[in-house]
Amino acid sequence: MKAGKSPLPGDMPFALVETGAKGLRLAAVNAVAKNLGLLPGQRLADARAAVPGLLTERHEPGHDRASLLGLCHWMERYSPWVSPSPPDGILLDVTGIPHLFGGEPQMLAAMRQRLAGYGYTAQAAIAPTIGAAWALARYEGERLEVLPVEALRIDADAARTLRRLGLKTIGSLLAIPRASLARRFRGETSAENILLRLDEATGHREEVLNPLAPPSSFIAHRAFMEPVITSEGLEMALTDLITALIGDLEKKSQGATRLTLKLFRTDASRVEIPVGLSAPTHDLRHLLRILKPKLEIIDAGFGIDAMTLEACETGPAIVQQYGFMENGNSLGLELLNDRVMNRHETEIAALQPVESHIPERAELPQFRHPGESRDHRARRPIQQKNNRPLLIFDRPEATTVIAAVPDGPPMRFTWRRITRRVVKSQGPERLAPEWWRLNENGNPRDYYTVEDEQGRRYWLYREGLYGEVEGAPPKWFVQGLSP
């Protein structure tokens, strides 16, 4: 029902109505209307004549699809592989999951009970194939052979053809040789091809489930017998999830670079928390430091009854070995970036290399938000030459230089209103301009590394050559500083 409308009484006949080629027809009926003989597809006029007290609402398929997708997301508490089966079905791949709920019967009972609490009447079944599960759920059977042929997901014309031939159950079709079925019941579409649907239901032909969000190979899932409300309980569950996920990552020598933590509330809502990492890792302590603060801002409502942690993106794990009595950690800066970025939900800028020999163009900042996808395979450190300073200015700063000879190294220079005397110098290193740039200055640069009386080192360059342009001597710039 739409928001703002009172729910209909459950003991009244009710139907959804849609406009067809020949007027209004019933799109769906409730159990009371069905018991009174009303069926989907029936003309509304005929239905009202048979059941004068029939209540109706206009069918809105768009709202149905939105509700079905919302219910699919809610069902992810039972499995990460969830797919809608329109107009009113949901498919789940629960391979290796039922034991978490006490077994298949207990899992189905929990689903039905929870859905009934939200006002849904659900029929559920577990089977080895999608086709068999679809049939057993919709026709409420225990064995595929005794179900009617309509349970094969074939269209009405194909079902009528089978019934005219006396083939009313799936078991009667299984008794016929496959070659005979292929010759007599070969349809152009899946709903017409009886042998195709029979093979899908019995497992002779594989049918793939396409989940809403294809999950990663690395995912940890936990369902709780009782809802968890306290922060201590959530932290214990989170530690358990991370430990399970790390175990799977270590087996493949992989580390997580992007994680998604999902918490499912008892009121059918959920919280989804993305986490981004600077480098592939499967370090338990680091992941706990990143994820635990996220729980502090979570509103558990009436409780959390399921949690999942998925490594959405992974890469080869960075494993370090230290020598005797060595406790250094070259990943310290990246670990700090992870904590700052994920705690404050802000972007972090990291320098990325650019193919350019001009120093101020050789690297650019790249901003990344927590949870944002990043290709760590292309990640590489910025290479510095031995004589390049650690600090390079975004824009070179002008300076005035005095040299012993016009083309010689600097002896004294004035920068930021302070004059400095040079005691040591190294150079020059000539860099040619990037001639392929349309607006590029055509003057080469001669770089010098110099040291003043206080031991400070500077990286200067002269742009242009003496005597090249009469009356216009080369210009000097400070490009960077060294410790």
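Refer to the structure printed above.
Let me begin by describing the structure that accompanies this report.

Analysis parameters
Residues numbered from 1 in each chain as written. Predicted model: local features only at pLDDT ≥ 70, side-chain atom pairs only at ≥ 80, totals over all residues. Heavy atoms only, no water. Helix = DSSP H or I, 4+ residues; strand = E, 2+ residues; numbered from the N terminus. Buried < 20%, exposed > 50% of the residue type's maximum accessible area, 1.4 Å probe, protein only. Areas by Shrake-Rupley, 256 points an atom, 1.4 Å probe, with all protein chains shown as cover. Pairing = 2+ DSSP bridges. Axes fitted to C-alpha atoms, helices over the stretch in contact; angles between N-to-C directions. Contact = heavy atoms within 4.5 Å. Left-handed = near helix turned anticlockwise from the far one by under 90°. Nonpolar A, V, L, I, M, F, W, Y, C, P; charged D, E, K, R; others polar. Polar contact = N/O pair within 3.5 Å; in protein donor to acceptor, adjacent residues only side chain to side chain. Core = buried A, V, L, I, M, F, W, Y, C linked by side-chain atoms within 4.5 Å. Phe/Tyr/Trp six-rings, centres within 6.5 Å; stacked < 30°, edge-to-face > 60°.

1. Some words on the overall build of the chain
The secondary structure content of the chain amounts to twelve helices and 17 strands. Sorting the 483 residues of the chain into buried and exposed places 38% on the buried side. Counting only carbon and sulfur atoms, one obtains 53% of the accessible surface of the chain, whose full area is about 28,400 Å².

2. As for the sheet that holds strand S9 (residues 304-316)
Strand order across the open sheet formed by four strands is S6-S9-S7-S8, with antiparallel pairing between neighbours. The two strands at the open ends of the sheet, each matched to only one other strand, are strand S6 (219-228) and strand S8 (270-281). Averaged over all pairs of adjacent strands, the angle between their axes in this sheet comes to 15°, without regard to strand direction. As paired strands, strand S7 (residues 254-265) and S9 are joined by eleven bridges and run antiparallel to one another. Each residue of the ladder has a partner; that of Leu263, found in S9, is Met307. On top of the sheet, helix H11 (residues 284-295) reaches S7, S8 and S9; it is set at about 155° to S8, its chief contact.

3. Regarding the sheet that holds strand S12 (residues 391-403)
Strand order in the closed barrel made by the six strands is S12-S13-S14-S15-S16-S17, with antiparallel pairing throughout. Strand-to-strand twist across the sheet, computed as the mean angle between neighbouring axes with direction ignored, equals 45°.

4. Description of unusual backbone geometry
Negative phi characterises most residues that are not glycine, and trans characterises most peptide bonds. Looking along the chain, the bond that leaves Pro86 and enters Pro87 is cis, with omega of 5°. Along the chain, the position of Pro87 falls in the loop between strand S4 (82-85) and strand S5 (89-92). The phi torsion at Arg417 lies on the positive side, around 70°, for a residue other than glycine.

5. As for the packing of helix H10 (residues 231-251) against H11
Taken N-terminus to C-terminus, the directions of H10 and H11 make an angle of 145°; their axes are 10 Å apart at the nearest point. When the axes of H10 and H11 are compared, the crossing they make is right-handed. In this structure, H10 contributes Leu234, Glu235, Leu238, Thr239, Ile242, Thr243 and Ile246 to the contact, and H11 contributes Leu284, Leu287, Leu288, Leu291, Lys292 and Leu295. In terms of residue class, the contact of H10 with H11 is made up of nine nonpolar, two polar and two charged.

6. Regarding helix H9 (residues 194-202)
Most of H9 is tucked away: eight of the nine residues are buried. Those residues of H9 that fall on the buried side of the exposure criterion are Ile194, Leu195, Leu196, Arg197, Leu198, Asp199, Glu200 and Ala201. Where the residues of H9 are buried, they touch helix H5 (130-139), helix H6 (156-164), helix H7 (170-174) and helix H8 (178-184). Structurally, the start of H9 carries an N-cap: the backbone nitrogen of Leu195 is 3.4 Å from a side-chain oxygen of Asn193. Note on H9: the residue one or two positions beyond its end, Gly203, has a positive phi of about 90°.

7. A closer look at the nonpolar core
One finds Leu259, Leu261 and Met307 to be the most contacted residues of the largest nonpolar core, which totals 31 residues. Of all the elements in the fold, those that place two or more residues in this core are S6, H10, S7, S8, H11 and S9. The dominant element in this core, judged by the number of residues it contributes, is H10, at eight residues. The next biggest cluster of nonpolar side chains, apart from the first, holds 21 residues, and it includes Ala151, Leu152, Ala159 and Leu181.

8. With respect to the side chain of Thr260
As for its placement among the helices and strands, Thr260 is situated in strand S7. Residue class for Thr260 comes out buried when judged on its relative accessible area of 8%. Here Thr260 is in contact with Glu272, Ile273, Thr308, Leu309, Glu310 and Cys312, once residues within four sequence places are set aside.

9. Looking at the packing of aromatic side chains
Across all of its chains, the model carries ten aromatic pairs by this definition. Site record: aromatic cluster; members linked through ring pairs are Trp74, Tyr78, Phe101 and Tyr118.

10. Quick word on the pairing of strand S14 (residues 418-431)
Both strand S13 (residues 410-415) and S14 contribute to a ladder of four bridges, which runs antiparallel. What sits directly across from Trp415, in S14, is Ile418. Where S13 hands over to S14, the hairpin turn is made up of two residues, of which Arg416 adopts a positive phi near 55°. Both S14 and strand S15 (residues 445-452) contribute to a ladder of seven bridges, which runs antiparallel.

11. Side note on the pairing of S15
The buried fraction of S15 amounts to seven of the eight residues, a majority that puts the element mostly inside the structure. The pairing of S15 with strand S16 (residues 457-463) spans seven bridges and is classified as antiparallel. Looking across to S16, one finds that Asp446 is bridged to Arg462. Counting the residues between successive antiparallel strands, the hairpin from S15 to S16 contains four residues, one of them, Gly455, with a positive phi of roughly 85°.

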